[in-house]
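Commentary on secondary and tertiary structure
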Amino acid sequence: MASSKKKIPRHVAVIMDGNGRWATSKGLSRSEGHRAGADAIDRLMDSSLSLGLEVVSLYAFSTENWKRPITEIRSIFNLLVEFIDSRLDTINAKGIRILHSGSRKKLSSLVLSKIDHAAEITRKNRKLTVNFCLNYGSQEEILNAFSRLAEERKKKSISIQKPISTKELEKYLYTYPLPAVDLLIRTAGERRLSNFLLWQSAYAELFFTENLWPEFGDKDLREALDWFRGRTRKFGGLENG
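How each quantity is defined
- Residues numbered from 1 in each chain as written.
- Predicted model: local features only at pLDDT ≥ 70, side-chain atom pairs only at ≥ 80, totals over all residues.
- Heavy atoms only, no water.
- Buried < 20%, exposed > 50% of the residue type's maximum accessible area, 1.4 Å probe, protein only.
- Helix = DSSP H or I, 4+ residues; strand = E, 2+ residues; numbered from the N terminus.
- Pairing = 2+ DSSP bridges.
- Right-handed = clockwise from strand over helix to strand, strands pointing away.
- Axes fitted to C-alpha atoms, helices over the stretch in contact; angles between N-to-C directions.
- Parallel < 35°, antiparallel > 145°, perpendicular 65-115°, else oblique.
- Left-handed = near helix turned anticlockwise from the far one by under 90°.
- Contact = heavy atoms within 4.5 Å.
- Nonpolar A, V, L, I, M, F, W, Y, C, P; charged D, E, K, R; others polar.
- UniProt positions renumbered as here; feature names shortened; annotations may be inferred.
- Polar contact = N/O pair within 3.5 Å; in protein donor to acceptor, adjacent residues only side chain to side chain.
- Phe/Tyr/Trp six-rings, centres within 6.5 Å; stacked < 30°, edge-to-face > 60°.
- Expected span 1.5 Å × (residues − 1).
- Arc of directions from axis to C-beta.
- Salt bridge = Lys/Arg side-chain N within 4 Å of Asp/Glu carboxyl O.

**Let's talk about the pairing of strand E4 (residues 128-136)**
The side chains of a regular strand alternate, first on one face of the sheet and then on the other. Counting buried positions along E4 gives nine out of nine residues, so the element sits mostly inside the fold. Pairing of strand E2 (residues 55-62) with E4, which is carried by seven bridges, proceeds in the parallel orientation. Bridge assignment links Val55 to a residue of E4, and that residue is Thr129. Here strand E3 (residues 96-101) pairs with E4 via six bridges, running parallel. Counterpart to Ser101 in the pairing with E4 is Cys133. Note that the unit made of E3, helix H4 (residues 109-121) and E4 has a crossover that is left-handed.

Written as structure tokens, this is what we have:
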């Protein structure tokens, strides 16, 4: 029988959905909903540390989110800058490492400098890795990985006709070398992946909750982990080998 330690997911991914609906339900602006969502990230980081999680990936801004009103987009990125400025010292002191997965295209120089600074300051931390998936889209990531692999093979005079292994391609994903996603959580009652970590979540357990993201707390994370422990993960094989 697997030990309880082995039943703790190494990599938890979260689609943080429902900021806008939470704000609307309380007569607040969408920007205030995103601010409440940032507070939920604080709670998630603390809970993840106490529970011994290794990696948490957060769907912070997708490549499709550029379709939103420019005022909301500006609000989201202003909040990101504020989040890093106000919390980086505390995050670093807690031993949390910050990473960014996503395209750097279209991101402002200010946002990129803040992300890069956070990643550099926290690069030696190992208690928890928090991976912000910002300007991220999984289909674009996979296409980009194939393009980079082809360019690298061309430089090394390796035929593109040579079969590509899973491990070879994974080296060109934004998330490399993070482990595969074990548990993917989506809030706000939606039941779709929305172009998030499709490759990395090939064998992930999918947990959906009706709670809106600003409401998500320690109790909700523990509920998801308890549910995960009850799952039988066969990875295409049989339970008894």
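Back to the text.
**Remarks on the packing of helix H2 (residues 30-51) against helix H7 (residues 218-229)**
At their nearest, the axes of H2 and H7 sit 9 Å apart, and the two run at 45° to each other. Relative to H7, the element H2 is oriented oblique. Relative to H7, H2 is oriented so that their crossing is right-handed. Note on element contacts: H7 touches H2 through Asp218, Leu221, Arg222 and Leu225, opposite Leu44, Ser47, Ser48, Ser50 and Leu51. Looking at the contact of H2 with H7, its residues break down into four nonpolar, three polar and two charged.

**Things to note about the UniProt feature "active site" (unreviewed entry) in the protein chain**
The UniProt feature table records "active site" (unreviewed entry) at Asp17 and Asn65. What stands out for the annotated residues spanning 49 residues is how close their C-alpha atoms remain, the widest pair being 12.4 Å apart. Within the secondary structure layout, Asp17 lies in the loop between strand E1 (11-15) and helix H1 (19-25). You can see Asn65 is positioned in the loop between E2 and helix H3 (70-93). Using a relative accessible area of 16% as the deciding quantity, one classes Asn65 as buried. Side-chain polar atoms of Asn65 contact the backbone nitrogen of Ser62, separated by 2.8 Å.

**A short note on the packing of aromatic side chains**
Throughout the structure, instances matching the rule amount to 10 aromatic pairs. Measuring from ring centre to ring centre gives 4.2 Å for Tyr59 and Phe196, while their planes differ by 15°; the resulting arrangement is stacked. Placement of the pair is Tyr59 in strand E2 and Phe196 in the loop between strand E5 (183-186) and strand E6 (205-208), with a sequence separation of 137 residues. The burial state of Tyr59 is the same as that of Phe196; both residues are buried.

**What about H7?**
The end-to-end C-alpha distance of H7 is 17 Å, a good match for the 16 Å that 12 residues give at a rise of 1.5 Å each. Buried residues of H7: Asp220, Leu221, Ala224, Leu225 and Phe228, and no others. Looking straight down H7, one finds its buried side chains confined to an arc of 135°; they lie on one side. For H7, the elements touching its buried residues are H2, E5 and E6.

**Some details on the side chain of Thr122**
Relative to the helices and strands, Thr122 resides in the loop between H4 and E4. Note on Thr122: relative accessible area 0%, which makes it buried. A polar contact is formed between the side chain of Thr122 and the backbone oxygen of Ala118, at a distance of 2.7 Å. Among all residues touching Thr122, those that are not within four sequence positions of it are Leu88, Asn92, Ile96, Arg97 and Ile98.

**Notes on the pattern of salt bridges**
Any two side chains of opposite charge can pair if their charged atoms end up close together. Scanning the entire structure with this criterion turns up 22 salt bridges. In this structure, Arg186 engages Asp17 in a salt bridge whose closest nitrogen and oxygen atoms are separated by 3.0 Å. Of the two residues, Arg186 is situated in strand E5 and Asp17 in the loop between E1 and H1; the sequence distance between them amounts to 169 residues. An identical accessibility class is assigned to Arg186 and Asp17; each is buried. A cluster of three or more residues bridged by salt bridges with shared partners is formed by Asp17, Arg21, Arg186, Glu190 and Arg192.

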